Amino acid sequence: KSQATTLLQLSHLYVQDGDGDAALQAAKESKDLAEKFEEMTVEASALLAVADAHMVREAWQEAKEAAEDARDMHQDMQDPEGESDAQELIDRAELQLSKQAQEKGGSA
């Protein structure tokens, strides 16, 4: 568990530095470890970190999907704060997706 948590913290640091690729790798490793050891709380946080990393990488669809998975996990754990954080990321990703669609002059 401590390794998953450390990787999660590392992912947050990479996000702050604007290094989306490194953040994504650390977040995915954290999620995999948390899943392996059935640590749902850490896994849900890691999914949010994956979404954050995708946001830095401007991979809006992937960010939205990871945040939706995180929201669902937080709902299952009855964690309204985590659910709210995930929904905020979903909204941000959807906003970027709609901007992207407008810039292309068509639908997404």
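Scroll up to find the structure.
Thresholds applied
- Residues numbered from 1 in each chain as written.
- Predicted model: local features only at pLDDT ≥ 70, side-chain atom pairs only at ≥ 80, totals over all residues.
- Heavy atoms only, no water.
- Helix = DSSP H or I, 4+ residues; strand = E, 2+ residues; numbered from the N terminus.
- Contact = heavy atoms within 4.5 Å.
- Polar contact = N/O pair within 3.5 Å; in protein donor to acceptor, adjacent residues only side chain to side chain.
- Axes fitted to C-alpha atoms, helices over the stretch in contact; angles between N-to-C directions.
- Parallel < 35°, antiparallel > 145°, perpendicular 65-115°, else oblique.
- Left-handed = near helix turned anticlockwise from the far one by under 90°.
- Nonpolar A, V, L, I, M, F, W, Y, C, P; charged D, E, K, R; others polar.
- Salt bridge = Lys/Arg side-chain N within 4 Å of Asp/Glu carboxyl O.
- Expected span 1.5 Å × (residues − 1).

Participant: Can you lay out the environment of Arg57 for me, pointing to particular residues and giving the numbers?
Facilitator: Among the structural elements, Arg57 can be located in the loop between α3 (40–56) and α4 (60–76). When the C-alpha atoms of Arg57 and Ala23 are compared, they prove to be 9.5 Å apart, with 34 residues separating the residues in sequence. Discounting residues that sit within four places of it in the chain, Arg57 has contacts with Gly20, Asp21 and Leu24. A distance of 3.1 Å separates a polar atom in the side chain of Arg57 from a polar atom in the side chain of His54.

Participant: Got a sec to walk through the packing of helix α1 (residues 2–17) against α3? Specific residues and values, please.
Facilitator: Across the interface, α1 lies against α3 with an axial gap of 10 Å and an inter-helix angle of 20°. Of the possible angle classes, the one that applies to α1 and α3 is roughly parallel. Crossing of α1 against α3: the hand is left-handed. Contacts between α1 and α3 involve Ala4, Thr5, Leu8, Ser11, His12 and Val15 on the former and, on the latter, Val42, Ser45, Ala46, Ala49, Asp52, Ala53 and Val56. Split into classes, the residues belonging to the contact of α1 with α3 amount to eight nonpolar, four polar and one charged.

Participant: Residue-level account of the pattern of salt bridges, with values.
Facilitator: As enumerated under the stated definition, the model contains five salt bridges in all. In this structure, Arg57 and Asp21 form a salt bridge, with 2.7 Å as the shortest nitrogen-oxygen distance. Within this pair, whereas Arg57 is found in the loop between α3 and α4, its partner Asp21 is found in helix α2 (residues 20–36), the two being separated by 36 residues in sequence. Between Glu68 and Lys64 there is a salt bridge, with its nearest N and O atoms 3.5 Å apart. On the criterion of helical spacing, the pair formed by Glu68 and Lys64 is a turn pair, its members being four residues apart in helix α4. Each of Lys64, Glu68 and Glu94 takes part in a single network of salt bridges with overlapping partners.

Participant: I'd like a description of α1, backed by residues and values.
Facilitator: Side chains that are three or four residues apart share a direction in an α-helix, a result of its 3.6 residues per turn. Here α1 is 16 residues long and its end C-alpha atoms lie 23 Å apart, about the 22 Å a rise of 1.5 Å per residue gives. Buried residues in α1 make contact with α2 and α3. Looking one or two places after α1, you find Gly18, whose phi comes out positive at around 80°.

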